[in-house]
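Next come the chains, spelled out residue by residue.
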Amino acid sequence: MLQSANLTSLMNIMGQSIQAIRGMSDLLPSDLGHWQYVEKQLQTVLSAYAYQEIRFPILEKTTLFSRSIGEGTDVVDKEMYSFADRHDESLSLRPEGTAGCVRACLQHGLLHNQSQKLWYNGPMFRYERPQKGRYRQFYQLGVEAFGFANPSIDVELIALSARFWKQLGISEHVKLEINTLATAEERIAYRQVLVDYFQQHFEQLDEDSQRRLTVNPLRILDSKNPAMAELIVGAPKLIDYLNENSQANFAYVTMQLDRLGIAYVINPRLMRGLDYYSHTVFEWVTDQLGAQSAICAGGRYDGLIEQLGGRPNHAVGFALGFERLMLLLETVNALPRQVEQADIYLVCLGAAATDCAIKLAEELHNTVADLRIVLNHGGGGAKAQFKRADKSGARIALLLGDDELAKQQVTIKWLREDKEQQQVDFTQLPEFLNTI
Ligand code: HAM
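First things first, this report covers the structure right here in the doc. (Residues numbered from 1 in each chain as written. Predicted model: local features only at pLDDT ≥ 70, side-chain atom pairs only at ≥ 80, totals over all residues. Heavy atoms only, no water.)

**A closer look at helix α6 (residues 152-168)**
Now for step 1: If you check α6, its first and last C-alpha atoms are 24 Å apart, about what 17 residues at 1.5 Å a residue would give, namely 24 Å.
Now for step 2: Most of α6 is tucked away: twelve of the 17 residues are buried.
Now for step 3: Among the residues making up α6, those that are buried are Ile153, Asp154, Val155, Leu157, Ile158, Ala159, Leu160, Ser161, Ala162, Phe164, Trp165 and Leu168.
Now for step 4: Just downstream of α6 lies Gly169, where phi reads positive at about 75°. (Helix = DSSP H or I, 4+ residues; strand = E, 2+ residues; numbered from the N terminus. Expected span 1.5 Å × (residues − 1). Buried < 20%, exposed > 50% of the residue type's maximum accessible area, 1.4 Å probe, protein only.)

Put into structure tokens, the structure is as follows:
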């Protein structure tokens, strides 16, 4: 057998190209125009609700995730990218953002006598079987609110997520499902009822669910196995075992959603795949993407801060899967046809014109705010340059040739509008560009 070092050098000699890891995608400039457009739309909504950005590492100690997401969950048991570092400490690539966000807030004292409304956006990693809408590296935009006991914040977060869809023009393609997971104590009592029920039908459970019966029986309710569908529908529901406080809490959330005109379906089987939730949980689902239908999900997780070493505190949040959102936007044609990368293209005919254009471009960057300028670097005649100008998406081309240089003017050519070309003096150009 070849030693791996030998194998590597052999492959280098052969010059084989190296491919990305399965389930991990490159995002190319042609994709990112749309991604950035969507990020901007979402950030507009987030700042309208006064949420602030936070960034934290992609890599954390493995115990952070096993303690928060929970042993017995698929994410921790099967899907983490974990490895020992050079000092044999177990580290993991973050499979989600909530745990890291709480850790960062605790470490920097952000939860001490104050509330926080935060968002983050970045890559997460799960070793899942890749398919459409499910990847091993994927992006989540997460939103977390800390320090608010009143379920009015649950309502605000759901309303904020609903506004995302409104802003992007896809409200009719998503549906809100909500449920309550009550408190840990209520779940323990309910868990026994559920175990008794499934024990009576043990032979109807698939292998995964038989394993879950001892580790995490509530997750059986999440199973998508059609052979178990009837059994699950017949199972006792947590919603029928709520104490008064949990009932009132859930009733408040649904009443406020009714008042806001946000449609929802109560799904008593919505259990979420992560252990830290209590009370409100919700998912936005779509029927446009096949099996990977959840584009955004979250809920309240009051116990987690204490579990990670903080004082008891309140927390609610959600995360949306960026790839799934982009797929949905594409599928329902909700993306702008083209996201333009430039406002003006400088066409320069000849070496003297190029010299002048370099200077002119810098002057425009100094004097006109937010102007996106493409300077023609590739030489070429007028025809080739205008073709590039058109491809750049620019609204206007500024033509510089011998005539223009002699008169210290540029010729303005409108690339997208039916307007006459015109001449503008160099000195008047900033004012002209500021007013169009
Ligand atoms: P989650 O349900 O595990 O929740 O993930 C949230 C969203 O991330 C999913 O609804 C889906 O859109 C996307 N997602 C998850 N896994 C993948 C994957 N393998 N490929 C593509 N997209 C995926 C959480 O992660 C919680 N941290 C949400 C939260 C925040 N709860 C409270 N605060």
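**As for the layout of surface pockets**
Now for step 1: In this model, the second largest pocket occupies a volume close to 510 Å³.
Now for step 2: Forming the boundary of the second largest pocket are 22 residues, of which Ala184, Arg187, Asp275, Tyr276 and Tyr277 lie nearest the centre.
Now for step 3: Here the element with the most residues in the lining of the second largest pocket is helix α7 (residues 184-200); it accounts for five residues.
Now for step 4: Residues of the lining of the second largest pocket, tallied by class, amount to nine nonpolar, seven polar and six charged. (1 Å grid on protein atoms, 1.4 Å probe; cavity = no way out; pocket = protein on both sides within 12 Å on 5 of 7 lines; lining within 4 Å. Points joined across faces, edges and corners; volume = space filled by probe spheres on them. Nonpolar A, V, L, I, M, F, W, Y, C, P; charged D, E, K, R; others polar.)

**Side note on the packing of aromatic side chains**
Now for step 1: For the structure shown, the criterion picks out 14 aromatic pairs.
Now for step 2: Judged by centre distance (5.3 Å) and plane angle (50°), the ring pair of Tyr276 and Tyr301 falls under tilted. Here Tyr301 lies in the loop between β10 (294-300) and α11 (304-307) and Tyr276 lies in the loop between β8 (265-266) and β9 (280-285), a separation of 25 residues in the sequence. Both residues of the pair, Tyr276 and Tyr301, count as buried.
Now for step 3: These aromatic residues form a ring-pair network of at least three members: Phe164, Trp165, Phe282, Trp284 and Phe318. (Phe/Tyr/Trp six-rings, centres within 6.5 Å; stacked < 30°, edge-to-face > 60°.)

**Describing the sheet that holds strand β1 (residues 52-53)**
Now for step 1: An order of β1-β5-β6-β11-β10-β9-β7-β8 is seen for the eight strands of this open sheet, with the pairing classed as mixed. Strands with a single pairing partner mark the edges of an open sheet, and in this sheet they are β1 and β8.
Now for step 2: Where strand β7 (residues 175-180) lies against β9, six bridges are found, and the strand directions are antiparallel. Within β9, the position partnered with Ile178 by the bridge is Phe282.
Now for step 3: The sheet contacts of helix α10 (residues 244-260) involve β7, β8 and β9, and relative to β7 the element is tilted by about 160°. (Pairing = 2+ DSSP bridges. Contact = heavy atoms within 4.5 Å. Axes fitted to C-alpha atoms, helices over the stretch in contact; angles between N-to-C directions.)

**Description of the packing of α6 against α10**
Now for step 1: It is the contact of α6 with α10, at a shortest axis distance of 9 Å, that shows an interaxial angle of 40°. By the angle between their axes, α6 is oblique relative to α10. In the crossing of α6 with α10, the sense of the turn from one axis to the other is right-handed. Where α6 abuts α10, its residues Ser152, Asp154, Val155, Ile158 and Ala159 lie against Tyr252, Val253, Gln256, Leu257 and Leu260.
Now for step 2: Per-class residue counts for the contact of α6 with α10 are seven nonpolar, two polar and one charged. (Parallel < 35°, antiparallel > 145°, perpendicular 65-115°, else oblique. Left-handed = near helix turned anticlockwise from the far one by under 90°.)

**Regarding the pattern of salt bridges**
Now for step 1: All chains considered together, the criterion is met by 18 salt bridges.
Now for step 2: In this structure, the salt-bridge partner of Asp390 is Arg416, at a minimum N-O distance of 3.0 Å. Of this pair, Asp390 sits in helix α14 (residues 382-392) while Arg416 sits in the loop between β15 (409-414) and β16 (422-425), and the two are 26 residues apart along the sequence.
Now for step 3: The class of Asp390 is partly exposed, set by a relative accessible area of 41%.
Now for step 4: Beyond isolated ion pairs, a larger network of salt bridges with shared partners links Asp74, Lys78, Asp208, Arg211, Arg212, Arg219 and Asp222. (Salt bridge = Lys/Arg side-chain N within 4 Å of Asp/Glu carboxyl O.)

**Quick look at helix α13 (residues 351-367)**
Now for step 1: Between its first and last C-alpha, α13 extends 25 Å over 17 residues, near the 24 Å set by a 1.5 Å rise per residue.
Now for step 2: Turning to α13, its buried residues are Ala353, Cys356, Ala357, Leu360, Ala361 and Leu364. The arc that holds the buried residues of α13, viewed along the axis, is 145°, so those residues lie on one side. More than 90 degrees from the buried face of α13, the exposed residues found are Ala351, Asp355, Lys359 and Asn366.
Now for step 3: Considering only its buried residues, α13 is in contact with β12 (344-348), β13 (373-375), β14 (396-400), α15 (402-407), β15 and α16 (429-435). (Arc of directions from axis to C-beta.)

**Quick notes on the side chain of Gln41**
Now for step 1: Examined against the element boundaries, Gln41 turns out to sit in helix α2 (residues 29-48).
Now for step 2: Given the relative accessible area of 17%, Gln41 is considered buried.
Now for step 3: Apart from the residues lying within four places of it in its own chain, the contact partners of Gln41 are Gln167 and Leu168.

**A look at the site of the ligand**
Now for step 1: Near the ligand, the surroundings consist of 25 residues, among which Glu96, Thr98, Glu128, Glu144 and Tyr277 are the closest.
Now for step 2: Within the contact set of the ligand, a nitrogen atom lies 2.6 Å away from a side-chain nitrogen or oxygen of Glu96.
Now for step 3: Side-chain polar atom of Arg126 to an oxygen atom of the ligand: 2.9 Å apart, as the coordinates give it.
Now for step 4: Calculation on the ligand without its partners gives an accessible area of 660 Å², and the protein chains cover 96% of this total.
Now for step 5: For the shell around the ligand, the secondary-structure elements that each account for two or more residues are β6 (137-146), β10 and β11 (315-321).
Now for step 6: The element best represented in the shell around the ligand is β10, accounting for five residues.
Now for step 7: Residues of the shell around the ligand, tallied by class, amount to twelve nonpolar, six polar and seven charged. (Near = heavy atom within 4 Å. Polar contact = N/O pair within 3.5 Å; in protein donor to acceptor, adjacent residues only side chain to side chain. Areas by Shrake-Rupley, 256 points an atom, 1.4 Å probe, with all protein chains shown as cover.)

Geometric values such as these leave the question of function open.
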